[in-house]
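Here's the letter readout for the chains.
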Amino acid sequence: MDLAGVFIFGLSGGTLAVRHRLDLFGVLVLSMAAALAGGVARDLLLGAAPPATFRDDRYLWAALASGLAAFFFHRPILRLVKPVMVLDAAGLGLFTVAGCSKALDYGMEPLPAVLLAVITACGGGVLRDLLVTEIPRVLREEIYAVAALLGAVIVVAGGRLGLPDLPVAIAAVAATFALRVVSVVRGWSAPRAPGS
Amino acid sequence: MDLAGVFIFGLSGGTLAVRHRLDLFGVLVLSMAAALAGGVARDLLLGAAPPATFRDDRYLWAALASGLAAFFFHRPILRLVKPVMVLDAAGLGLFTVAGCSKALDYGMEPLPAVLLAVITACGGGVLRDLLVTEIPRVLREEIYAVAALLGAVIVVAGGRLGLPDLPVAIAAVAATFALRVVSVVRGWSAPRAPGS
Amino acid sequence: MDLAGVFIFGLSGGTLAVRHRLDLFGVLVLSMAAALAGGVARDLLLGAAPPATFRDDRYLWAALASGLAAFFFHRPILRLVKPVMVLDAAGLGLFTVAGCSKALDYGMEPLPAVLLAVITACGGGVLRDLLVTEIPRVLREEIYAVAALLGAVIVVAGGRLGLPDLPVAIAAVAATFALRVVSVVRGWSAPRAPGS
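Fair warning: this is a prediction, and the values are worked out from it, not measured in the lab.

## Re the relation of the copies chain A and chain C
Two copies of one chain are present, and they are related through a rotation about an axis combined with an axial shift.
Then, number 1: Superposing chain A onto chain C takes a rotation of 120° plus a shift of 0.0 Å along the axis, which leaves an RMSD of 0.0 Å. Each copy turns onto its partner about a three-fold axis. No C-alpha of chain A approaches the rotation axis more nearly than that of T133 of chain A, which lies at 3.5 Å.
Then, number 2: Little of the interface of chain A is mirrored in chain C: 10% of its interface residues are interface residues there too.

Written as C-alpha cells, this is what we have:
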C-alpha cells in the first residue's frame, strides 16, 4: 500500500517534469522528490536519520519506476486526470496517517505530530514544484493540505481517546480521501484573506 | 522575548502570503516557515533533532497566531511599515544571539558558529521567499544579514575574551538592532561587484 | 584536492550571484551554497550531524575565498569558460567519489549510496540555482548528473567486486571527469520524453 502511494506521488513529479521538457534525469529527480521528500523531511525532523527511504531501497525503486512510467507514458497518464486524482487522494491519506503515527511513536506532542503529518503528506509536492520554480500548488489552491490536516487530527484524537489503532487509521485515511475527492468534484477551495 | 521574535517573523511570512493571494492554509505555512525554519535548520545542522520547535509547542502556537493575525489584519499591519521594521530588527538581534549561543554551547568553532547564527536569523526569510518563488530579499538588498553577522561576531568575541554572557548578549542584540535600523533609515546597502 | 573542488564549485555560485547583481553578502551566500550544500545534505541524510563542513572550518574558508574571488574577479573568470568547465568536471568527480565512499562507509546499500553520491555532487548546484529562482541547470541540460551517476556506479561495483579502494576511486573520478568533458565538447545531452 505504502509503495503504491510512493508510485502515485512519483507520477505527479514525473509528469510535471515532462511538461517542463526536462530530460530523463530531470524526470527521475522530480519523481523521486515528489515521492520521497515528505518522508525524508519527517525522518530528519524526528531525528531518525538515515531516513527510512535510504534504508529500505524498495521505496527508491518504486520512485524510479514511477519516473520511468512518466517518461514513456506521460500522454496516457495525463489523459487519466480523474483516476490519477483519486489515487493521489488515497496516497495523501496513507502518507498522512503514516507520518502522524510515526511522529506519535517518537513521542511528539499533538500539534507537532499534526505538523509532521502534513509535512510528510505535502513536502514532496512542495519540493517538486519548487524545483521547477512554481509556487507550490498546495499553497495556492484547493483543499489538499486541509484534507491531510483532517486525517492527522483524527489520528491524534483517536490516540488521545485510547481507541484502537487500526480502525482509527482506516477512518483517518478515509476522511482524508473523502474530503480531498469531494472538494475537487465540488470545486471547494480554502478561504482567502478578506480584502486581499 | 523569544516568542515575540517568532510572532514578528511570522507576520512577515503571513503578510507576504496575503500579498500573493494565497489561501488561509498558505498564509499559515508562510508564517510558520518565516518564523521557524531558521531555528529548525540550526538544530538539524547541530545534530539536535528533533528541533526545539517540535518539542516545545509554544513556538508553533506563536507562529500560527501570527499567521491568523496576518490573515485577518493584513491591511493595518502593512500600513505599519516602520513599527514592523523596528520589531523585525529586534527579532533579528534575538534570533542571531540565540543561534550563536546555542552553536557555541554545542562546541562549534567561531566561524561555523557565526554561520549558524546567520542561518538561524535569516533562514526563515529565505524559505519564506523561495516558497513564493522570489529571490530571497536577504540576498538582494540592504544591511540585513550583515547586521546578524555583526551580532554573531560580538557573541563569539565576547566568549573568546571570557566576558560574562549576559552583557555580551545584550550588546550583540543592541548592535544588530542598531545597525539594521540605522541602515534602513539612512538607506545603506552592501556593495555590489565592481563592473557587474 | 577536496578543498580545490570546494573552491571551484564556490566560483560557480559566486559568478552566478554577480550576474544576478546580488550584493557582496549574496555573492558569499551563493558561493557557500554551491560549494557546501551537497556535502551538508549528504551528512544530514547519513545521520552524521553536525556535517563535516561545520566541524572543519577549512571548507568554510575555501568557500568564502571563492566568493571573494568571484566578487572581485568575475570578469576574467567568466571569460575562462573552458578552464572553469574542466575544473568543475574534476570537482564533480571528486565530490561523487567522496559522497559514495562515505555512504558505503556508513553501511548504505548500493542504490541509496549512488543516490547520496549524486546528491553530494549536484546538491550544491541545485540550491545555488533555486536561490536565484532558476530551474536547476542539472535538471535541464547536458550530461552532468549522469556523469556523477557513472562515477558512483563504478565505486559501488568496485566495492562489490572487492577491488582495492584507491584504484577504483581514481577510475571513478576519471570516468566522471571524462564523460562530463566529452559530453560538453561533443554537445551530448540526455534524452527527452518521446513526444513531450
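## A closer look at helix α8 (residues 145–160) of chain A
Then, number 1: Over its 16 residues, α8 of chain A runs 22 Å from end to end, which matches the ideal 22 Å to within 8%, given 1.5 Å per residue.
Then, number 2: If you check which residues of α8 of chain A are buried, you get A145, A147, A148, G151, A152, V155, V156 and G158 of chain A.
Then, number 3: On its buried face, α8 of chain A is in contact with α5 (81–105), α6 (110–131), α7 (137–140) and α9 (165–186) of chain A together with α2 (24–46) of chain B.
Then, number 4: Among the residues trailing α8 of chain A, G162 of chain A stands out with phi positive, at a value near 70°.

## Some words on a nonpolar patch on the surface
Then, number 1: Together, L68, F72 and F73 of chain A make up a nonpolar patch on the protein surface, roughly 320 Å² of accessible area in all.
Then, number 2: With respect to the helices and strands, the residue F73 of chain A is situated in helix α4 (residues 58–79).

## Considering the packing of helix α1 (residues 2–19) of chain C against helix α6 (residues 110–131) of chain C
All names here are of chain C.
Then, number 1: Between α1 and α6, the least distance of the axes is 10 Å, while the angle of their chain directions is 10°. Compared by their axis directions, α1 and α6 come out roughly parallel. Contact residues: α1 offers F9, S12, G13 and L16, while α6 offers A121, R128 and D129.
Then, number 2: Partitioning the contact of α1 with α6 into residue classes produces 3 nonpolar, 2 polar and 2 charged.

## Considering the relation of the copies chain B and chain A
Then, number 1: If you rotate chain B by 120° and push it 0.0 Å along the axis, it lands on chain A with an RMSD of 0.0 Å.
Then, number 2: In this assembly the copies use different faces: only 10% of the residues contributing to the interface of chain B also contribute to that of chain A.

## With respect to the pattern of salt bridges
Residues and elements named next belong to chain A.
Then, number 1: Applying the stated criterion across every chain, the model contains 12 salt bridges over all chains.
Then, number 2: Residues R42 and D43 are paired through a salt bridge, measuring 2.9 Å at the closest nitrogen-oxygen approach.
Then, number 3: Taking relative accessible area as the criterion, R42 reaches 9% and is therefore assigned buried.
Then, number 4: Judged by relative accessible area, D43 falls into the buried class, the value being 0%.
Then, number 5: Via salt bridges that share partners, R42, D43 and K102 belong to a single interconnected network.

## Focus on the interface of chain A and chain C
Then, number 1: Taken together, the contacts link 29 residues of chain A with 32 residues of chain C.
Then, number 2: The three residues of chain A that bury the most area against chain C are D23, F25 and F54 of chain A, which together make up 28% of that side's buried surface.
Then, number 3: Joining chain A to chain C, the criterion identifies 0 salt bridges.
Then, number 4: Looking at the side of chain A that touches chain C, the elements that each hand over two or more residues are α2 (24–46), α4 and α6 of chain A.
Then, number 5: Here the side of chain A that touches chain C gets 8 residues from one element, more than from any other, and that element is α2 of chain A.
Then, number 6: Taken together, the residues of the side of chain A that touches chain C break down into 21 nonpolar, 4 polar and 4 charged.

## A few points about the side chain of R42 of chain C
Then, number 1: Within the secondary structure, R42 of chain C is located in helix α2 (residues 24–46).
Then, number 2: The contact partners of R42 of chain C, leaving out residues within four places of it in the chain, are A98, G99, K102, L116 and T120 of chain C.

## Quick notes on the packing of helix α1 (residues 2–19) of chain A against α4 of chain A
Residue and element names in this part refer to chain A.
Then, number 1: Axis separation between α1 and α4 bottoms out at 7 Å; the angle between their running directions is 50°. By the angle between their axes, α1 is oblique relative to α4. At the point where α1 passes α4, the crossing takes the right-handed sense. In this structure, α1 uses D2, L3, V6, F7, G10, L11, G14, T15, V18 and R19 to contact α4, whose residues at the interface are R58, Y59, A62, A63, A65, S66, A69, A70, F71, H74, I77 and L78.
Then, number 2: The residue inventory of the contact of α1 with α4, partitioned by class, reads 14 nonpolar, 5 polar and 3 charged.

## Notes on the environment of Y59 of chain C
Residues and elements named next belong to chain C.
Then, number 1: Mapped onto the secondary structure, Y59 falls in helix α4 (residues 58–79).
Then, number 2: Accessibility expressed as a relative area gives 18% for Y59, which makes it buried.
Then, number 3: For the pair Y59 and L149, spaced 90 residues apart in sequence, the C-alpha separation works out to 24 Å.
Then, number 4: When residues no more than four places from it in sequence are discounted, the contact partners of Y59 are D2, L3, V6, L36 and T53.

## Overview of the interface of chain B and chain A
Then, number 1: Contact residues are listed per partner, giving 29 residues for chain B and 32 residues for chain A.
Then, number 2: Each partner contributes to the roughly 2500 Å² buried at the junction of chain B and chain A, and carbon and sulfur atoms together form 73% of this total.
Then, number 3: A per-residue breakdown of the area chain B buries against chain A is headed by D23, F25 and F54 of chain B, which together make up 28% of the total.
Then, number 4: At the junction of chain B with chain A, the criterion picks out 0 salt bridges.
Then, number 5: The tally of links between chain B and chain A comes to 3 residue pairs in polar contact (both at pLDDT 80 or more).

Thresholds applied
Residues numbered from 1 in each chain as written. Chains lettered and ligands numbered in written order. Predicted model: local features only at pLDDT ≥ 70, side-chain atom pairs only at ≥ 80, totals over all residues. Heavy atoms only, no water. Least-squares fit on C-alpha atoms with pLDDT ≥ 70 in both. Contact = heavy atoms within 4.5 Å. Helix = DSSP H or I, 4+ residues; strand = E, 2+ residues; numbered from the N terminus. Expected span 1.5 Å × (residues − 1). Buried < 20%, exposed > 50% of the residue type's maximum accessible area, 1.4 Å probe, protein only. Patch = residues over 30% accessible without salt bridge, like charges linked within 9 Å, V, L, I, M, F, W, Y side chains within 5 Å. Areas by Shrake-Rupley, 256 points an atom, 1.4 Å probe, with all protein chains shown as cover. Salt bridge = Lys/Arg side-chain N within 4 Å of Asp/Glu carboxyl O. Axes fitted to C-alpha atoms, helices over the stretch in contact; angles between N-to-C directions. Parallel < 35°, antiparallel > 145°, perpendicular 65-115°, else oblique. Nonpolar A, V, L, I, M, F, W, Y, C, P; charged D, E, K, R; others polar. Buried area = accessible area lost by both parts, 1.4 Å probe. Left-handed = near helix turned anticlockwise from the far one by under 90°. Polar contact = N/O pair within 3.5 Å; in protein donor to acceptor, adjacent residues only side chain to side chain.

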